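# A look at the structure
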Amino acid sequence: MNKFLIDSGMSKNSLAKTLEISQSQVSNLSNFGAKRWTKNTKKVNDFIEEYYQDNIKIPSKIEQKIKRILTNNPQNETHILSALEIINSLTKDIKDG
């Protein structure tokens, strides 16, 4: 959680207000980790996972290559999206397997 707070620039207090849970619960999770899985622990975990999914940093080499492919032929977007869907499904299979 501390990495998330640094990466997002959120304070413990603002995270607590956003998720409508007590600031002391957020502080306890930050300082001691989750001792048991509760509804609020899940809220925090889901929020953090969603943040990283929405704010993932794409390695610059990959970003440059994709930009180059799209600049040369914008129709390649369909091929790139198809490849990403295949990778995504393989990733799900690995997690589930």
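Residues numbered from 1 in each chain as written. Predicted model: local features only at pLDDT ≥ 70, side-chain atom pairs only at ≥ 80, totals over all residues. Heavy atoms only, no water.

For the pair helix α2 (residues 12-19) and helix α3 (residues 23-32), the least separation of the axes is 8 Å and the interaxial angle reads 125°. Taken together, the axes of α2 and α3 are oblique relative to one another. As for how α2 packs across α3, the hand of that crossing is right-handed. In contact with Lys12, Asn13, Leu15 and Ala16 of α2, α3 contributes Gln23, Val26, Ser27, Ser30 and Asn31. Considered class by class, the residues forming the contact of α2 with α3 number three nonpolar, five polar and one charged. (Axes fitted to C-alpha atoms, helices over the stretch in contact; angles between N-to-C directions. Helix = DSSP H or I, 4+ residues; strand = E, 2+ residues; numbered from the N terminus. Parallel < 35°, antiparallel > 145°, perpendicular 65-115°, else oblique. Left-handed = near helix turned anticlockwise from the far one by under 90°. Contact = heavy atoms within 4.5 Å. Nonpolar A, V, L, I, M, F, W, Y, C, P; charged D, E, K, R; others polar.)

Formed by Phe4, Leu5, Leu15, Ala16, Leu19, Ile21, Val26, Leu29, Val44 and Ile48, the largest nonpolar core amounts to ten residues. Counting residues per element, the ones that place at least two in this core are α1 (2-8), α2, α3 and α4 (39-54). For this core, the element with the highest residue contribution is α2, accounting for three residues. Ignoring any residue separated from it by four or fewer positions in sequence, one finds Ala16 in contact with Ile21, Ser22, Gln23 and Val26. (Core = buried A, V, L, I, M, F, W, Y, C linked by side-chain atoms within 4.5 Å. Buried < 20%, exposed > 50% of the residue type's maximum accessible area, 1.4 Å probe, protein only.)

According to the stated counting rule, one finds four aromatic pairs in the structure shown. Ring geometry for Phe4 against Tyr52: centres 6.4 Å apart, planes inclined by 75°, an arrangement best described as edge-to-face. Linking Phe4 in helix α1 with Tyr52 in helix α4, this pair joins segments that are 48 residues apart in sequence. Members of the aromatic cluster, connected to one another through ring pairs, are Phe4, Phe47, Tyr51 and Tyr52. (Phe/Tyr/Trp six-rings, centres within 6.5 Å; stacked < 30°, edge-to-face > 60°.)

What follows covers a nonpolar patch on the surface. The grouping of Ile56, Ile58 and Ile62 at the surface amounts to a nonpolar patch, some 310 Å² of accessible area in total. Examined against the element boundaries, Ile56 turns out to sit in the loop between α4 and α5 (60-72). A residue is classified by how much of its surface remains accessible, and Ile56, at 62% relative accessible area, is exposed. (Patch = residues over 30% accessible without salt bridge, like charges linked within 9 Å, V, L, I, M, F, W, Y side chains within 5 Å. Areas by Shrake-Rupley, 256 points an atom, 1.4 Å probe, with all protein chains shown as cover. Salt bridge = Lys/Arg side-chain N within 4 Å of Asp/Glu carboxyl O.)

Before going further, it helps to spend a moment on the side chain of Asn76. Relative to the elements of secondary structure, Asn76 occurs in helix α6 (residues 76-96). Contact partners of Asn76, with chain neighbours within four places excluded, come to Ile69 and Leu70.

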